[in-house]
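So you can see what is in the structure, the chains are spelled out below.
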Amino acid sequence: MRIVIALMLLFPAAAMADGPGSYYFIAVQNGSYNFKGGEKQLEESYKALQGMVKLADAQNARLTLLFSAQYAVYIASDPVRLAELEGWKKTGHEIGAYHQGPDTRAWDGYSDLPEEDLARVNKKAGKSDPAQTHKEYFEALGRLEPAIKSGCMQDGKDKKFLAAAPFYEVCARPEDKGVNNFVAVTGGERPGKKLSVFHPADKAGVLAARVAFASLSSGVYGASFKSSPSEFGAFYAWLSFLKGKDPQGLRSRTVSSAVEGKLLPEKEVKAAAKPVKTAKKVKVEKEVLQPEPDPPPVDLPRLRPVPSFYGKVGKLMFGPRAGGKNLEQRTRCGDGLCDAFERAQAGRCPRDCGN
């Protein structure tokens, strides 16, 4: 018992790490800057990246640094920058991949799409110039890290390029909140393991991330930033918050260590269903309806007349006849009616008026 107490006194931070609480990882995206005037912005981005790594090292927080091919060449082409990156790796930071496909606003110039398809995605007439493929892309990244496990590949058109993507994916999507209660395992055309990550790029974003993280009692929380001066303040605020929750950085993880450390259960998820294309409307010509032939006449059986018990039935008259003509001329015995004329002459028509 004394030994246990002594160990807790010697390593109080380690004892705190054994208690309940959520882990976290931080990804930093380093873009391509392959546009006119991008060289200057790339230099500014690298200065921001240096400051981010320095802040993280001060509190033992591990970063997952995602690089574009252009950024990797920028670092690898200078011995000082390359040596600095090797030092980052030794302190526990992870090197990963960052790709923006031709369907994004900041395409990095790499794609496996045929020239015709590439032109269509870029909305250009004819053929586009041939792009460098995923092989050249990963050759550039290999100058920083030959065995890349994690990355963010933002490409919604190039299936071949995505098939070569790192197995662990951390792309910030609008619906993601950064809260991970399990590792999403996908199969099909792009197998891999995905973690949710939130992008708290401004004051409101950092506040939302703080609320979400503070509500967790377990799991892994993921945040993502860009290595730009505009997001350095948000990164600093987020690290300051984490330092209050985890002063020694004992719950900090990289993306690959969070997955491989079995901090979360794995759950197989199905890929999003492709939208069902509605069938094309087929123009149907209106059929000219021909008039149907008249039905054949029905031969109704003729009924034989049945003699009346009262003799022949004449017309029924209601009220006096018009014109005041002699009723005698219009009446006759045996018509089945006992009219006023017959009643006036008793016994004249016994069959109609009785005896």
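One structure accompanies this document, and this report is about it.

About the thresholds
Residues numbered from 1 in each chain as written. Predicted model: local features only at pLDDT ≥ 70, side-chain atom pairs only at ≥ 80, totals over all residues. Heavy atoms only, no water. Disulfide = S-S within 2.5 Å. Helix = DSSP H or I, 4+ residues; strand = E, 2+ residues; numbered from the N terminus. Buried < 20%, exposed > 50% of the residue type's maximum accessible area, 1.4 Å probe, protein only. Lys, Arg positive; Asp, Glu negative; His and termini not counted. Salt bridge = Lys/Arg side-chain N within 4 Å of Asp/Glu carboxyl O. Contact = heavy atoms within 4.5 Å. Pairing = 2+ DSSP bridges. Phe/Tyr/Trp six-rings, centres within 6.5 Å; stacked < 30°, edge-to-face > 60°. Lys NZ or Arg CZ within 6 Å of the ring centre and 35° of its normal. Polar contact = N/O pair within 3.5 Å; in protein donor to acceptor, adjacent residues only side chain to side chain. Axes fitted to C-alpha atoms, helices over the stretch in contact; angles between N-to-C directions. Parallel < 35°, antiparallel > 145°, perpendicular 65-115°, else oblique. Left-handed = near helix turned anticlockwise from the far one by under 90°.

Next up on the list: the state of the cysteines. Counted by the stated rule, this structure contains 1 disulfide. Note on cysteine connectivity: C152 is disulfide-linked to C171, with sulfurs 2.1 Å apart. With the S-S bond torsion at 115 degrees, the cross-link from C152 to C171 turns out right-handed. Of the two residues, C152 is situated in strand β4 (residues 150-154) and C171 in the loop between β5 (168-169) and β6 (179-180); the sequence distance between them amounts to 19 residues.

Here we come to the side chain of D176. Looking at the element boundaries, D176 is found in the loop between β5 and β6. R173 is the oppositely charged side chain nearest to the buried, salt-bridge-free D176, at an N-O distance of 4.1 Å. The contacts of D176, once residues within four sequence positions are left out, are C171, S196, V197 and F198.

Turning our attention to unusual backbone geometry. The phi dihedral of Y33 falls on the positive side, at around 55 degrees, and the residue is not glycine. What makes Y33 buried here is its relative accessible area of 19%. Despite not being glycine, N60 has its phi angle at roughly 60 degrees, a positive value. Take N60: it is sitting in the loop between α3 (38-58) and β2 (63-67).

Right, let's talk about the pairing of β4 for a bit. In terms of residue burial, β4 counts as a mostly covered element, since 4 of its 5 residues are buried. Of the pairings in the sheet, the one linking strand β3 (residues 94-100) to β4 comprises 4 bridges and is parallel in character. Its bridge partner lying in β4, H99 is registered against M153. Two elements, β4 and β5, share 2 bridges in a ladder whose sense is parallel. Bridge pairing in β5 links S150 to Y168.

We now examine the packing of aromatic side chains. We describe a pair of aromatic rings using the distance from one ring centre to the other and the angle between the two ring planes. Tallying each qualifying case throughout the model produces 17 aromatic pairs. Seen from their ring centres, F67 and Y71 are 5.6 Å apart, and the 50 degrees between their planes marks the pair as tilted. The same class applies to F67 and to Y71, which are both buried. Three or more aromatic residues joined by ring pairs form one cluster here, namely Y33, F35, Y46, F67, Y71, Y74 and W88. In this structure, R81 packs its charged tip against the face of Y74, placed 3.8 Å from the ring centre. For R251, the ring lying beneath its charged end belongs to Y23, and the centroid distance is 5.0 Å.

This brings us to the side chain of S252. Mapped onto the secondary structure, S252 falls in strand β10 (residues 252-253). For S252, a relative accessible area of 0% puts it in the buried group. In terms of polar contacts, S252 uses its side chain to reach the backbone amide nitrogen of R62, at 2.8 Å. Setting aside chain neighbours within four positions, we find S252 in contact with Y24, N60, A61, R62 and D246.

Before going further, it helps to spend a moment on the packing of helix α9 (residues 203-214) against helix α10 (residues 229-245). Running from N to C, α9 and α10 cross one another at 20 degrees; their axes reach a closest spacing of 10 Å. By the angle between their axes, α9 is roughly parallel relative to α10. Between α9 and α10 the crossing geometry is right-handed. For the pair α9 and α10, contact is made by V206, A209, R210, F213 and A214 and by A234, A237, W238, F241, L242 and K245, respectively.

All we've got here are geometric facts, nothing functional implied.
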